[in-house]
Amino acid sequence: MIFGRVEHGRIELSSALPEEWEGQSVRIEPCSPDDSAPDLGQRLAALHALGAMEFEPGEQERIDQAISAMNELSRVQMQNLADRSP
């Protein structure tokens, strides 16, 4: 099954259509939030099989520093935009 999203009256596909579908008619039906991707269960099982996520020594601190740096950069850029506003 191919999934996509309707954006501004157009369908944006989440993956490419198979070549053998070329020239064929297709039926498009809306999904509800209760519908799940058919391979979602398999993906979740594979993820859980990996076990708990563990950080290397110092990795969490480096992640925290990188996020703080990005937050500061964003704050400065937003302030620059606000300062330029009339």
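Reading guide: rules and limits
Residues numbered from 1 in each chain as written. Predicted model: local features only at pLDDT ≥ 70, side-chain atom pairs only at ≥ 80, totals over all residues. Heavy atoms only, no water. Patch = residues over 30% accessible without salt bridge, like charges linked within 9 Å, V, L, I, M, F, W, Y side chains within 5 Å. Areas by Shrake-Rupley, 256 points an atom, 1.4 Å probe, with all protein chains shown as cover. Salt bridge = Lys/Arg side-chain N within 4 Å of Asp/Glu carboxyl O. Buried < 20%, exposed > 50% of the residue type's maximum accessible area, 1.4 Å probe, protein only. pLDDT = per-residue confidence, 0-100. Helix = DSSP H or I, 4+ residues; strand = E, 2+ residues; numbered from the N terminus.

## Topic: a nonpolar patch on the surface
Here's step 1: A contiguous nonpolar surface patch, about 680 Å² in accessible area, is contributed by Val6, Ile11, Leu13, Leu17, Trp21, Val26 and Ile28.
Here's step 2: A relative accessible area of 47% means that leucine 17 is categorised as partly exposed.

## Here we look at the confidence of the model for the protein
Low-confidence regions, as indicated by low pLDDT, have predicted coordinates that should not be scrutinised in detail.
Here's step 1: Per-residue pLDDT for the protein has a mean of 87; in total, 97% of the residues score no lower than 70.
Here's step 2: When pLDDT is averaged over each element of the protein, helix H2 (residues 59-84) comes out on top at 94 and helix H1 (residues 40-49) at the bottom at 84.

## Remarks on the pattern of salt bridges
Here's step 1: On inspection of all chains with the given rule, the structure shows three salt bridges.
Here's step 2: Ionic pairing is found between arginine 5 and glutamate 7, a salt bridge with its closest N-O pair at 2.9 Å.
Here's step 3: Put simply, arginine 75 and glutamate 72 hold a salt bridge, and the shortest N to O gap is 2.7 Å. Of this pair, arginine 75 and glutamate 72 both sit in helix H2, three residues apart, roughly one helical turn.

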